[in-house]
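Summary of the model geometry
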Amino acid sequence: VADRIAVISFSDRATQIGGYSSLIRATNENKKRLIKAIKDLDANGSTNFYDAFETAFDALENTIKREITSGCNVAVLFMTDGQISQGPGANEVINLVNDRTERLATDFSRKTTLFTFSLGYAADHTVTRTIACSTNGIWTPVDDLTGDLVTTMSSYYKLFAVGLGEGGNDDFTV
């Protein structure tokens, strides 16, 4: 398995599930551990987008620096059901994401695509949409009642499957 994965949970502060500091191999065993840990999460506290993104980008950079990546596409899938209520505000979060994606491109030759998901009516739509748009990613709102989160989130792979993540389909429209 060449794919690697990390799950960052966040409220007042962000932590990488499993206590890792880099991405782990996406083996069946590791995925089962992560799924169990996700199911054990409790919603509480504030919503700190900044710390979530900083932790995610730190894990990506640690993985690349340790040379334990496949060297392929980098995708960040960000989900929130809330609004920023802790840590730096919207402009600082957007600047952080833009700076860190640019750093991955400049320092490590890694194009990073962000897929952001606003879960429910109370979720932020402005910051998540702006982050996706400013990084050539995709923002998707997921309705509380009729939204299919599993199908919505799993569709990100289609972007890479048709080569859009590689830049070879400049005339392709999604």
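Residues numbered from 1 in each chain as written. Predicted model: local features only at pLDDT ≥ 70, side-chain atom pairs only at ≥ 80, totals over all residues. Heavy atoms only, no water.

Observations regarding the nonpolar core
Counting 22 residues, the largest nonpolar core has F53, F57, L60, L114 and I131 as the members making the most contacts within it. Every element with two or more residues in this core is listed here: α2 (49-65), β5 (74-80), α3 (90-108) and α4 (126-134). It is α2 that contributes the most residues to this core, eight residues altogether. (Core = buried A, V, L, I, M, F, W, Y, C linked by side-chain atoms within 4.5 Å. Buried < 20%, exposed > 50% of the residue type's maximum accessible area, 1.4 Å probe, protein only. Helix = DSSP H or I, 4+ residues; strand = E, 2+ residues; numbered from the N terminus.)

Describing unusual backbone geometry
At S109, a position not held by glycine, the phi torsion is positive, near 55 degrees. Judged by its relative accessible area of 66%, S109 is exposed. Here N136, not a glycine, exhibits a phi torsion of approximately 55 degrees, which is positive. Tracing the sequence through the fold places N136 in the loop between α4 and β7 (138-142). Since its relative accessible area comes to 65%, N136 is described here as exposed.

Quick notes on the pairing of β7
In this structure, strand β6 (residues 112-119) lies alongside β7, joined through five bridges in parallel fashion. Residue pairing across strands places F117 opposite T140, the latter belonging to β7. Where the polypeptide runs from β6 across α4 and back to β7, its parallel neighbour, the crossover connection is right-handed. (Pairing = 2+ DSSP bridges. Right-handed = clockwise from strand over helix to strand, strands pointing away.)

A word on the environment of F78
Checked against the element boundaries, F78 lands in strand β5. Exposure remark for F78: the relative accessible area of 5% places this residue in the buried category. Between the alpha carbons of F78 and F115 there is a distance of 6.2 Å; along the sequence they are 37 residues apart. Each residue touching F78, except ones within four places of it in the same chain, is listed here: F10, F49, A52, F53, F115, T116, F117 and T128. (Contact = heavy atoms within 4.5 Å.)

As for the packing of aromatic side chains
Counted according to the given criterion, the structure contains five aromatic pairs. Relative to F78, the ring of F49 lies with its centre 5.0 Å away and its plane at 75 degrees, an arrangement referred to as edge-to-face. A residue pair is termed long-range when its members are at least 10 positions apart, and F49 in helix α2 and F78 in strand β5 qualify at 29 residues. An identical accessibility class is assigned to F49 and F78; each is buried. Members of the aromatic cluster, each reached through a chain of ring pairs, are F10, F49, F53, F57 and F78. Here the guanidinium or amino end of R129 rests over the ring plane of W139, the centre of that ring lying 4.7 Å away. (Phe/Tyr/Trp six-rings, centres within 6.5 Å; stacked < 30°, edge-to-face > 60°. Lys NZ or Arg CZ within 6 Å of the ring centre and 35° of its normal.)

Considerations on the environment of F53
Tracing the backbone shows F53 in helix α2. Sequence separation of F53 and L96 is 43 residues, and the distance between their C-alpha atoms is 7.8 Å. Once residues lying within four places of it in the same chain are set aside, the contact partners of F53 are V76, F78, V93, L96, V97, L114 and I131.

Here we look at the side chain of T47
Relative to the assigned elements, T47 resides in the loop between α1 (28-39) and α2. Setting aside chain neighbours within four positions, we find T47 in contact with F10, S11, T80, G82, Q83, I84, S85 and Q86.

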